[in-house]
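So you can see what is in the structure, the chains are spelled out below.
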2 protein chains.
Amino acid sequence: MTGTNQVESLLLNRRTIRAFKDQPLSDAQLHLLLEVARQTATSSFLQQSSIIHITDQEKRAVIRQICRQDYVGGNGDLFIFVADLYRNQQLRQQMGNDDGRLHNTDVFFQAYDDTVLAAQNVANAAESIGLGSVFLGSIANDSAKMVQTLKLPQLTFPILGLQIGIPDQQPELKPRLPLKLRSFENEYQADYQLQQFADYDAIVQTYYDLRDTNRRIDSFTDQVNSNKLNHKQTKRDELLVTLHQQGLCLY
Amino acid sequence: MTGTNQVESLLLNRRTIRAFKDQPLSDAQLHLLLEVARQTATSSFLQQSSIIHITDQEKRAVIRQICRQDYVGGNGDLFIFVADLYRNQQLRQQMGNDDGRLHNTDVFFQAYDDTVLAAQNVANAAESIGLGSVFLGSIANDSAKMVQTLKLPQLTFPILGLQIGIPDQQPELKPRLPLKLRSFENEYQADYQLQQFADYDAIVQTYYDLRDTNRRIDSFTDQVNSNKLNHKQTKRDELLVTLHQQGLCLY
């Protein structure tokens, strides 16, 4: 090993793209992305994820409001990845069975895995054909509104959005924590000291986020110590309520 | 579009590999895989995942017992992907701050996303250099034992195992549910009828799982209607207890 292959090159140089040209996916591109999701690994072969492609302008506007990011539902195609235990519930009911363990956290996590694995593969496939993408965790800003907007039935839950299109920006590679702080051998290495993060903090501050080239971003530790994780009363804190209302993770 | 590129080809033809040759990853391969994990997209730049590479034979044996799959901890390298909010908690504490929202479900889900996205990219990178892999959801068979074995501190949780090595088998591509039952436009399409699954059930029954070439597998709907989802009292049902013990998803 190793000459760099296309996959490595793509994975090692991944940038989030938030600005797209005004051209939707072709039918062939759309089909490829959905096929890739379909072929993604699935826990216990239960295939407990679904994808909703949002093409309706009104729904795109509602999701933009939920996400509070002006590029959401703008140029590019918008997909919502849904953990989906409803399909298997319906099958069991029609075969005269009960819901079994579908309301248990363990089975929800299996569906969660299926959903996120598929989202990552779709993003990779998109990049491989020259497209860019941004994951939208911000759909969690109001899970209940997302459920209502997509008419998600019981035992389904919106996990991640993914917006995909032709890139209209070229961000720099964003520097990440050193491996020694994120990967360990045999056991967790639990003795973090603030000074271990100093060099990395300095590197992060030299990165100019192309969303605003006039402004440096905060150091990593400052971001951790900030509003991103501070207490604040928002609908994001109600995610567990929505999850329970959907009949998920009840025990 | 589209001539098939290497990424598409890999993603559309993904097989789970459960038998590996007796040769561990080289240092260069290991480094590549960890680098790919490091560069994976991360929610709010909080980088809340970690990887533990299990090389100790005793620990590998314990994990095999937890997973109850004889290939686990056999040939191939074994990795556990961990949702990790502990690192950021430690940083906040050393900067004189409280835990903020780290015990909230929303923030745990951000970490969960980070962790599974990284696991998928590592699996893809492994395939791109001729290796194969199997995701191990079976580490959830006994979450508390996994926490103990890896000495996982508060605010961390083992999400997925991934075993990687040189393939020693060539399984067939496993057929998946048709797209029309898994992807929708604008809203969830909720009206499943059992007969819609009949053709797919027939296809699944023609697939011979190479783990046992003498035995056909059950149809998809029979699998859904089976032990995989039926009530049974196991430690998997205690996942939420362990999650709470780790200080996660408290509200």
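Residues numbered from 1 in each chain as written. Chains lettered and ligands numbered in written order. Predicted model: local features only at pLDDT ≥ 70, side-chain atom pairs only at ≥ 80, totals over all residues. Heavy atoms only, no water.

Caption draft 1: Main features of the sheet that holds strand β2 (residues 77-84) of chain B. Spatial ordering of the open sheet is given by β5(A)-β1(B)-β2(B)-β4(B)-β3(B), a layout of 5 strands whose pairing is mixed. Of all the strands in the sheet, the pair left with one neighbour each is β5 (183-185) of chain A together with β3 (132-136) of chain B. Along the sheet, successive strands turn relative to each other by an average axial angle of 25 degrees, direction set aside. In this structure, β5(A) lies alongside strand β1 (residues 49-54) of chain B, joined through 3 bridges in parallel fashion. Looking at the pairing, F184(A) lines up with I52(B) of β1(B). Along the sheet face, helix α5 (residues 105-128) of chain B touches β1, β2, β3 and β4 (156-165) of chain B and points at about 5 degrees away from the line of β4(B). (Pairing = 2+ DSSP bridges. Helix = DSSP H or I, 4+ residues; strand = E, 2+ residues; numbered from the N terminus. Axes fitted to C-alpha atoms, helices over the stretch in contact; angles between N-to-C directions. Contact = heavy atoms within 4.5 Å.)

Caption draft 2: View of the packing of aromatic side chains. Enumeration over the complete set of coordinates arrives at 25 aromatic pairs over all chains. Judged by centre distance (5.8 Å) and plane angle (85 degrees), the ring pair of Y188(A) and Y86(B) falls under edge-to-face. With Y188(A) in the loop between β5 and α7 (198-206) and Y86(B) in helix α4 (residues 86-94), this pair bridges two chains. Y86(B) shares its class with Y188(A); the two are buried. Look at F108(B) and Y112(B): their rings are 5.8 Å apart centre to centre, the planes differ by 85 degrees, and that puts the pair in the edge-to-face class. In this pair, F108(B) and Y112(B) are both assigned in helix α5, 4 residues apart and thus about one turn of the helix distant. Y112(B) carries the same exposure label as F108(B), and that label is buried. Members of the aromatic cluster, each reached through a chain of ring pairs, are F108(A), F109(A), Y112(A), F157(A), F108(B), F109(B), Y112(B) and F157(B). The side chain of K174(A) reaches across the aromatic face of F45(B), ending 4.2 Å from its centre. (Phe/Tyr/Trp six-rings, centres within 6.5 Å; stacked < 30°, edge-to-face > 60°. Buried < 20%, exposed > 50% of the residue type's maximum accessible area, 1.4 Å probe, protein only. Lys NZ or Arg CZ within 6 Å of the ring centre and 35° of its normal.)

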